[in-house]
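# Secondary and tertiary structure notes
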Amino acid sequence: MNQKFIPLSVPNLKGNELKYVSHAIQTEWVSTAGPYVEQMEKEITDYVKSAGAVACQNGTSGLHISLIVAGVTNQDAVIVPTLTFIAAVNPVKYVGAEPIFMDCDESFCLDPIKLEKYCETECEFRNGSLIDKVTHKVIKAIIVVHVFGNMADMEKIKSVCGKYNIKIIEDATEALGTYYTQGTYKGKFAGTIGDFGVYSFNGNKIITTGGGGMIVSNDKENLAKAKHLTTQAKSDDLNFIHDEVGYNYRMTNLQAALGIAQLEQLETFIEIKERNYRLYKEKISKIDGLKLVSFRKGIRSNFWFYSLDVQDYKLKKEDLIHSLQKNRIQTRPIWGLINEQKSYKYSRSFRIEKAKEFWRNIVNIPCSTNLSESDVELVVSTIKNL
Ligand SMILES: *Cc1c(COP(=O)(O)O)cnc(C)c1O
């Protein structure tokens, strides 16, 4: 077996990356000061139409800072999805708060109906705070993940959270470029609908800076606080006076140089992702028992990750993954549920059902923007021949 290796999701650096990174090196601005960092913040702000943006080291640190600025402390609880990458949940523990795990709907994203049910039946609303009846913690915030570039049902989630005074942090690490094309939030980008939004530029995301992240918000004061905290909370330019415990969560100019070049190609990447998605979808629909999962209606997705549903297929998830691996095609199962992981198995969860089904049946298939139409055809014909 010596067919070409097809990775799951790898960077595409064929634009101005080398040029801008070289410029950063030639000018010797390689660290946390330098013009590309500010430029990247400005370009993200303009692209997603937020009030501003704060560059940070990665998506995880962006979520951590968002929780602090949202006022979440070790007295509080935060509602989180169970079907996600664990970095969406760990920051809740960094601030000493308790996660409460929620199920997903058909979109893989947090189920707004169960969210409302949980708030109504498992909590008490007292003096403007929603209190979980079992842990007695105040539910200060929710982390909503826009899974695989899909959009969570923000209309419904916003209405529930508005009613119960819950701050919304959108983990849009996988969904840069996704926006509503219909409804109340028509034209609004994933990450700009709640109180905070966080993007990631990790190597496997739709654009990459090697490692990097960005916090956005529509509240300038929150952004100023976030900037302050990511830059060591220095309150005086000369004398090293710091007014609280800050963090060194800054992005470097080298990373931002890469990011500027990637941003120039973002819309092209989305076009390629969409083309390949449609090609896969059509071809896979002809294979008995397999289908490619759709994105939510009424949105323009960034088509970041493709999800194959193997529920009715002749092979089990693991067998499909191993067979493809033997054929040099890299795939992966959807994440193990977070509420079942070692660090979280004693945390509270509410009626997790749908997420378990997805865990059994969903496999992600190659989706890099380097993938040509013939690569897609090779993946599909390999599956056909299993
Ligand atoms: C990638 C990712 C993160 C973390 O981003 P990093 O930049 O890798 O820290 C958080 N949540 C989700 C859902 C992700 O996919």
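Rules used throughout
Residues numbered from 1 in each chain as written. Predicted model: local features only at pLDDT ≥ 70, side-chain atom pairs only at ≥ 80, totals over all residues. Heavy atoms only, no water. UniProt positions renumbered as here; feature names shortened; annotations may be inferred. Near = heavy atom within 4 Å. Polar contact = N/O pair within 3.5 Å; in protein donor to acceptor, adjacent residues only side chain to side chain. Areas by Shrake-Rupley, 256 points an atom, 1.4 Å probe, with all protein chains shown as cover. Nonpolar A, V, L, I, M, F, W, Y, C, P; charged D, E, K, R; others polar. Helix = DSSP H or I, 4+ residues; strand = E, 2+ residues; numbered from the N terminus. Buried < 20%, exposed > 50% of the residue type's maximum accessible area, 1.4 Å probe, protein only. Contact = heavy atoms within 4.5 Å.

As recorded in an unreviewed UniProt entry, the chain goes by Bacillosamine/Legionaminic acid biosynthesis aminotransferase PglE and comes from Anaerostipes rhamnosivorans. If you open the UniProt record of the chain and go to Sequence similarities (unreviewed entry), you find "Belongs to the DegT/DnrJ/EryC1 family."

Among the 15 residues in the neighbourhood of the ligand, the closest are listed as Thr 60, Asp 171, Glu 174, Ser 200 and Lys 205. In the model, an oxygen atom of the ligand is placed 2.7 Å from a nitrogen or oxygen of the Ser 200 side chain. For the ligand, the accessible surface in isolation is 380 Å², of which the surrounding protein chains cover 93%. Considering only residue class, the shell around the ligand consists of four nonpolar, eight polar and three charged.

This next bit is on the UniProt feature "modified residue: N6-(pyridoxal phosphate)lysine" (unreviewed entry) in the chain. UniProt's entry tags Lys 205 with the feature "modified residue: N6-(pyridoxal phosphate)lysine" (unreviewed entry), counted in the numbering of this structure. As for its position among the elements, Lys 205 is in the loop between strand 9 (196–200) and strand 10 (213–217). Residue classification places Lys 205 among the buried positions, given a relative accessible area of 15%. Apart from residues lying up to four places away in sequence, Lys 205 is in contact with Thr 173, Glu 174, Ser 200 and Trp 304.

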